[in-house]
Amino acid sequence: QQQVKQSPQSLIVQKGGISIINCAYENTAFDYFPWYQQFPGKGPALLIAIRPDVSEKKEGRFTISFNKSAKQFSLHIMDSQPGDSATYFCASPGAGSYQLTFGKGTKLSVIP
Amino acid sequence: DVKVTQSSRYLVKRTGEKVFLECVQDMDHENMFWYRQDPGLGLRLIYFSYDVKMKEKGDIPEGYSVSREKKERFSLILESASTNQTSMYLCASSFFETEPYQPQHFGDGTRLSIL
C-alpha cells in the first residue's frame, strides 16, 4: 500500500511570506503529483499538478517542485495571502495502480 | 462546472443501523470514489468504481459496501453502523484514463455521526 508522508501538519505564515509544504512518496507507476486545496465546509479541489518529465510547474503564486531521485515533491506558495488559509493535500499514484493516495494534510494559516 | 452532490450534509444514526450515503455527479464521469476524512489521517479511499456495476476496494473497505446501478450515482452503504465509522465522507468523480491525470472533483461531504 502506497504511503505519502506530508509535512508539516500545520503551518502559520505571515502575509506576504512563503509557505512550503513537503511530501515524500514510496513508489509510483506514474510521475503525477497533484495538490488539492480544501476550505472549511467544502470538498477538496485540485489546485495544481505536475505531470511526467517536468521537474517544476508554476501557476501564479503556486509552484510544485519535484525531485525524482529523492522521491519528494513540494508546494511553494509565494506572497501568501489570508485567502490561502486552507488545508492542503498532496497525492501520488501507487506503484501498481492509477488510484491516488493522499497525504494527511497541512493546515495553513496566513495571518495579516 | 462539474457538480458532485452528496445527499446529506449531516447525518446522525444509531449503532447497528444500515446507513446509505448517496452521491450524484452531472458530468458523465466514468470514475467515482468514496473517501473518509478524519483529523490527522487525511483522505483514505474506501471504494471506487470505474463503470456501472463495477467496484474496486480501496485502502479501508472493511465495514462498507457500495452500489453503482447508474453511471451518475454511487452509493456507500454501512451494513451495520458502528461508532468508529463516525467521520466525514467525501464522494469524488473523474473521467477515466489509464493514467491518473484526470482531476478528481469532490462533493462537499457528509458528516456522519453514529451514536
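See the structure above.
What counts and how
Residues numbered from 1 in each chain as written. Chains lettered and ligands numbered in written order. Predicted model: local features only at pLDDT ≥ 70, side-chain atom pairs only at ≥ 80, totals over all residues. Heavy atoms only, no water. Helix = DSSP H or I, 4+ residues; strand = E, 2+ residues; numbered from the N terminus. Rg over C-alpha atoms; globule rule 2.2 N^0.38 Å. Buried < 20%, exposed > 50% of the residue type's maximum accessible area, 1.4 Å probe, protein only. Areas by Shrake-Rupley, 256 points an atom, 1.4 Å probe, with all protein chains shown as cover. Phe/Tyr/Trp six-rings, centres within 6.5 Å; stacked < 30°, edge-to-face > 60°. Salt bridge = Lys/Arg side-chain N within 4 Å of Asp/Glu carboxyl O. Core = buried A, V, L, I, M, F, W, Y, C linked by side-chain atoms within 4.5 Å. Contact = heavy atoms within 4.5 Å. Nonpolar A, V, L, I, M, F, W, Y, C, P; charged D, E, K, R; others polar. Pairing = 2+ DSSP bridges. Axes fitted to C-alpha atoms, helices over the stretch in contact; angles between N-to-C directions.

1. Looking at the overall build of chain B
Right, on to step 1. Along its length, chain B carries 0 helices and 11 strands.
Right, on to step 2. From first element to last, N terminus to C terminus, chain B shows the α and β order β-β-β-β-β-β-β-β-β-β-β.
Right, on to step 3. Taking 13 Å as the expected radius of gyration for a compact globule of 115 residues, we find that chain B reaches 13 Å, a close match to that expectation.
Right, on to step 4. With the C-alpha coordinates aligned to their principal axes, the bounding extent of chain B is approximately 40 × 30 × 25 Å.
Right, on to step 5. Looking at chain B as a whole, 47% of its 115 residues qualify as buried.
Right, on to step 6. Carbon and sulfur atoms provide 49% of the accessible area of chain B, an area that totals close to 5600 Å².

2. With respect to the packing of aromatic side chains
Right, on to step 1. Summed over all chains, the structure comprises 16 aromatic pairs over all chains.
Right, on to step 2. When the centroid spacing of 6.3 Å and the interplanar angle of 75° are considered together, the rings of F102 of chain A and F106 of chain B count as edge-to-face. Taken together, the positions of F102 of chain A in strand β10 (residues 100-102) and F106 of chain B in strand β10 (residues 105-106) put the pair across two chains. Neither F102 of chain A nor F106 of chain B differs from the other in exposure class; each is buried.
Right, on to step 3. Following the ring pairs from residue to residue traces out a cluster consisting of Y36 and F102 of chain A together with F33, Y35, F48 and F106 of chain B.

3. A few points about the pattern of salt bridges
Residues and elements named next belong to chain A.
Right, on to step 1. For the coordinates displayed, the defined rule picks out 10 salt bridges over all chains.
Right, on to step 2. When the shortest N-O distance is used, the salt bridge between K57 and E59 registers 3.3 Å.
Right, on to step 3. Owing to a relative accessible area of 30%, K57 belongs among the partly exposed residues under this scheme.
Right, on to step 4. For E59, a relative accessible area of 37% gives the class partly exposed.

4. Examining the nonpolar core
Right, on to step 1. Ranked by size, the top nonpolar core spans 22 residues in total, and within it W35, I48, F62, F73, L75, Y88 and L108 of chain A carry the most contacts.
Right, on to step 2. At the level of elements, β2 (10-14), β3 (19-25), β4 (33-38), β5 (45-50), β7 (62-67), β8 (72-77), β9 (86-93) and β11 (106-111) of chain A are the ones that each hand at least two residues to this core.
Right, on to step 3. When neighbours within four sequence positions are excluded, L108 of chain A is seen to be in contact with L11, V13, S19, I77, D84, S85, A86 and Y88 of chain A.
Right, on to step 4. Counting residues in each nonpolar core, the second largest holds 20 residues, with L21, L78, A81 and L112 of chain B among its members.

5. Looking at the interface of chain B and chain A
Right, on to step 1. Counting residues at the interface gives 25 residues for chain B, matched by 21 residues for chain A.
Right, on to step 2. On inspection of chain B and its partner chain A, the count reaches 1 salt bridge.
Right, on to step 3. Where the side of chain B that touches chain A is concerned, the elements lending two or more residues are β4 (31-38) and β5 (42-49) of chain B.
Right, on to step 4. In terms of residue class, the side of chain B that touches chain A is built from 13 nonpolar, 7 polar and 5 charged.

6. With respect to the sheet that holds strand β3 (residues 19-25) of chain B
Residues and elements named next belong to chain B.
Right, on to step 1. The 4 strands lie next to each other as β1-β3-β8-β7, forming an open sheet whose pairing is antiparallel. Each edge of the open sheet is held by one strand with a lone partner, namely β1 (4-6) and β7 (64-70). Strand after strand, the sheet turns through a mean of 20° between neighbouring axes, direction not considered.

7. Remarks on the sheet that holds strand β1 (residues 4-7) of chain A
All names here are of chain A.
Right, on to step 1. Taking strand neighbours across the sheet as the criterion, the 5 strands line up as β1-β3-β8-β7-β6 in an open arrangement whose pairing is antiparallel. One side of each edge strand has no neighbouring strand; the edge strands of this open sheet are β1 and β6 (56-59). Strand-to-strand twist in this sheet, taken as the mean axis angle between neighbours without regard to direction, amounts to 15°.
Right, on to step 2. As judged from the 4 bridges shared by β6 and β7, these two strands associate in the antiparallel manner. Note that in β7 the partner of E59 across the bridge is F62.

8. Quick notes on the side chain of S75 of chain B
Right, on to step 1. Here S75 of chain B shows up in strand β8 (residues 73-78).
Right, on to step 2. Not counting the four nearest positions on each side in its chain, S75 of chain B is found in contact with L21, E22, W34, S65, V66 and S67 of chain B.

9. Observations concerning the pairing of strand β11 (residues 110-114) of chain B
When a strand is regular, its side chains alternate between the sheet's two faces.
All names here are of chain B.
Right, on to step 1. Burial of the side chains of β11 is restricted to one face: T110, L112 and I114 are buried, whereas none of R111 and S113 on the reverse face is.
Right, on to step 2. Where strand β2 (residues 10-13) lies against β11, 4 bridges are found, and the strand directions are parallel. Bridging across to β11, L11 finds its partner in L112.
Right, on to step 3. Summarising the sheet, strand β9 (residues 87-94) and β11 pair through 3 bridges and their orientation is antiparallel. Counted as the bridge partner of S87 is L112 from β11.

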